[in-house]
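Okay, here's what each chain looks like letter by letter:
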Amino acid sequence: MKANHVLLFYFLLVLNSVQAQVLTKEDSLTAGLIQRDAATVLSGYGSIKYQHDVNNNVARANVDRVILFVGHKFSKKISFFSELELEDAKVAGGEAGGEIALEQAFLKFNVNNDLYITAGLFTPRIGIINENHLPTTFNGNDRPFVETLIIPATWREIGIGLYGNVRAVPGLNYSAALVNGLNSAGFENGSGIKGGRFEGRDANASALAVTGALLYYIKNFRVQASAYYGGSVGLTKNEADSLLLVYGSFGTPVGVYEGDVQYHNKGLSVKALVTTVQIPDAKRINRAYANNTPEAMLGYYGEIGYNVLRLFKETEKNLTAFVRYENLNMNYKLPSNGLVNGTIDQQYVIGGLTFQPVRGVTVKADYIFKSTGDVNPALVINPFPTGRPYQRQQGFFSLGVGYSF
Amino acid sequence: MCLGGLALGWLTTQLAACSSLPIVKAVNDKGMINVPVSSFTEKNNLVIVRNGELEYDILLVKFGNTYTALQMKCTHQDNPLVVNSTGLFCSVHGSGFDLNGNVTKEPALRPLKKYAIQLNESSILISL
């Protein structure tokens, strides 16, 4: 009898948990059974990676990033969006590595069904990855290197943006934004203009920038052209004059220009992107900050992938085999006071598999073959006496998981 | 440069071939929106339905003699969608949907909201 009671209690407990599984809102959301109409929305994405350096036979494992998205709808016309990012899992006092940063925090004002305005910290439409960087939307464990080193994604600044679509031309979108400019004192040889971003922290808004993009969805193609042009000296006139830099909102300008095409249809995906960074006053920046800034950088890549499961049946699952070629030169054109650095003239071939058992989850495996120019001895100030010679060709094998919900 | 010129030429040709989708401004009558069947033409199987009370437009798709009404709201982060002859797209994060509302490209995970439809001789009634 006692045993029966225990069995009955256990049965009720199991029944209760089954009901809970069926009825909770979260589970229903996951199963895609109900629409999400809550005023406050919580979501996120992240990626974790193991990478083996073939040449040096060492490996590292890292939580590359975990992002928490919080959004709130105040009314039909006004919403809030934010993304808080933790890179490298841990930020401990005094230790190197790790970063907690706001990736986005902006208000969105709907003007009408075809037009809206954003104000705050946001990622302008430049290239593909800057806006679309969820790990479930690109192949390979690493984001394309051209869109990391030439276009410094994820590139966010404070400003105001206008986004709309042209009803007269179905699929045609436009965007324009005014944001704070860059800081040329932060440019570094090897990471381009990345160190000159403010990313929302105490930005010097004396230097300004404008960006714009045209994005066109036509048939199964997505075609985009985008541009950025802005100043990189947020100093007073006296300070700028003393450093012989061009003063003004758009003084000592930086231009970033990009075009890309994507094609998706029946499991086949193709994408290509070309971009350049133009810094006509690089000579002045080098004279002021001695950071070996180039006059021009150039990068391009092309990728083809195919969901091999489509060979067998129509499915939502995805097993994409892909290959990508990237070519970038961060000293494509140097001023007379610049020094060539062959190691930042780089080519990559990346091949691998992206597996998605369900939407929102990826398991990735890839191999990166990297080839660069040679080291310029003039740039090696304190050579390490027992250091290994620079390897112009390197290989990396990566395994990783990613998610987005 | 030659490739760029070719691409520009192709794009110009495609743009010239485009015609805007008809937008029907409909009235919400007790939770029902009435769209005349005559809004569709032989060449055009897509109609955008707009109503001032609705936060997002509705895409009405004609498949033969049947119709589907889709909310033009991305299920990823609620951005408005744009439409062309092959599907609906989010210009912000790149999600894609086919003309049945199914996800064709992430980051969206869920299909688009579909509205119930009733048909009579001359009208399509969308139930909100």
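Residues numbered from 1 in each chain as written. Chains lettered and ligands numbered in written order. Predicted model: local features only at pLDDT ≥ 70, side-chain atom pairs only at ≥ 80, totals over all residues.

### Considering the overall build of chain B
Our working rule: Secondary structure elements are defined from DSSP: runs of H or I of at least 4 residues count as helices, runs of E of at least 2 residues count as strands, and each element is numbered from the N terminus. Three classes are used. A residue is buried when 20 or more other C-beta atoms lie within 10 Å of its own, exposed when 12 or fewer do, and partly exposed in between, with C-beta atoms placed from the backbone.
Helix and strand counts for chain B come out as one helix and 12 strands. Moving toward the C terminus, one meets the helices and strands of chain B in the order α-β-β-β-β-β-β-β-β-β-β-β-β. Within chain B, the proportion of its 128 residues that are buried is 37%.

### Points about the overall build of chain A
Per the secondary structure count, chain A includes five helices and 16 strands. The C-alpha extent of chain A, read off along each of the three principal axes, is 90 × 55 × 50 Å.

### What to know about the interface of chain A and chain B
The following threshold applies: Our contact criterion uses C-beta atoms placed from the backbone: two residues qualify when those atoms are within 7 Å.
Taken together, the contact pairs 28 residues of chain A with 31 residues of chain B. Ranked by residue count, the leading element in the side of chain A that touches chain B is strand β8 (residues 208-218) of chain A, at three residues.

### What about helix α5 (residues 282-289) of chain A?
Within α5 of chain A the residues assigned to the buried category are A282, R284, I285, N286 and A288 of chain A. The first or second residue beyond α5 of chain A is A290 of chain A, which carries a positive phi of 50 degrees.

### Remarks on the sheet that holds strand β10 (residues 103-105) of chain B
One key point about sheets: their strands pair by backbone hydrogen bonds, in either a parallel or an antiparallel sense. Residues and elements named next belong to chain B. The cut-off we apply is this: A pair of strands is treated as paired once DSSP finds two or more bridges between them.
Taken in spatial order, the four strands line up as β7-β8-β9-β10 in an open sheet, and their pairing is antiparallel. At either end of the open sheet lies a strand with only one pairing partner, and these are β7 (82-83) and β10. As defined by bridge partners, strand β9 (residues 96-97) adjoins β10 across two bridges and the pair is classed as antiparallel. Within β10, the position partnered with F97 by the bridge is V103.

### Re the nonpolar core
Inclusion rule: A set of buried residues qualifies as a nonpolar core if it consists of Ala, Val, Leu, Ile, Met, Phe, Trp, Tyr and Cys joined through C-beta atoms within 7 Å.
Core analysis: the largest hydrophobic core is formed by 40 residues, its most contacted members being V146, I150 and V277 of chain A. Residue assignment for this core shows that the elements contributing at least two residues are α3 (146-149), β7 (172-180), β10 (254-265), β11 (268-278), α5, β12 (296-307), β13 (318-333) and β14 (345-356) of chain A. With residues up to four places along the chain from it excluded, the contact list for V146 of chain A reads L273, T275, G299, Y300, Y301, E326 and L328 of chain A. One finds A26, Y56, V83 and F97 of chain B within the second-largest nonpolar core, a separate group that totals 35 residues.

### Observations regarding the pairing of strand β9 (residues 221-230) of chain A
On a regular strand, one side chain projects to one face of the sheet and the next to the other, so that they alternate. All names here are of chain A. Relative to β9, β8 runs antiparallel, the two sharing 10 bridges. Looking across to β9, one finds that A213 is bridged to S226. Relative to β10, β9 runs antiparallel, the two being bridged by 10 bridges. Counted as the bridge partner of Y229 is G255 from β10.

### Structural notes on the sheet that holds strand β3 (residues 32-36) of chain B
Residues and elements named next belong to chain B. With mixed pairing, the eight strands of this open sheet are ordered in space as β1-β4-β5-β6-β11-β12-β3-β2. Only two strands of the sheet have a single partner each, and these edge strands are β1 (23-25) and β2 (28-29). Bridge analysis of strand β4 (residues 46-50) against strand β5 (residues 58-63) gives four bridges, and the strand direction is antiparallel. When the sheet's bridge partners are listed, V49 is paired in β5 with I58.

### Examining the pairing of strand β1 (residues 40-53) of chain A
Residue and element names in this part refer to chain A. Bridge analysis of β1 against strand β2 (residues 58-73) gives 14 bridges, and the strand direction is antiparallel. Bridge pairing links T40 to H72 in β2. Between β1 and β2, which pair antiparallel in sequence order, lie four residues; one of them, N57, sits at a positive phi of approximately 55 degrees. Sheet topology note: the β1/strand β16 (residues 393-404) ladder contains nine bridges and is antiparallel. By the bridge assignment for β16, S47 is matched with G402.

### What about the confidence of the model for chain B?
Note: predicted coordinates in regions of low pLDDT should not be interpreted at a detailed level. Our working rule: The pLDDT value expresses, per residue, how confident the predictor is, ranging between 0 and 100.
With 85% of its residues at a pLDDT of 70 or more, chain B has an overall mean of 86. Across the interfaces of the predicted complex, the ipTM metric reaches 0.84, alongside a pTM of 0.87.

### Details of unusual backbone geometry
With an omega of 5 degrees, the peptide bond between A153 of chain A and T154 of chain A qualifies as cis. Position of T154 of chain A among the secondary structure elements: in the loop between α3 and β6 (157-166). Cis peptide bonds are those with omega within 30 degrees of zero, and the linkage from E106 of chain B to P107 of chain B qualifies with 25 degrees.

### Some details on the environment of L107 of chain A
Residue and element names in this part refer to chain A. Position of L107 among the secondary structure elements: in strand β4 (residues 99-112). L107 gets classed as partly exposed once you count the C-beta atoms within 10 Å, which come to 15. Here the alpha-carbon distance between L107 and K73, two residues 34 residues apart in the chain, equals 9.7 Å.

### Describing the environment of T137 of chain A
Structurally, T137 of chain A is set in the loop between β5 (115-122) and α3. Between the C-alpha atoms of T137 of chain A and T362 of chain A, which are 225 residues apart in sequence, the distance is 9.4 Å. Setting aside its immediate chain neighbours within four residues, T137 of chain A contacts N132 of chain A together with G94, E106 and P107 of chain B.

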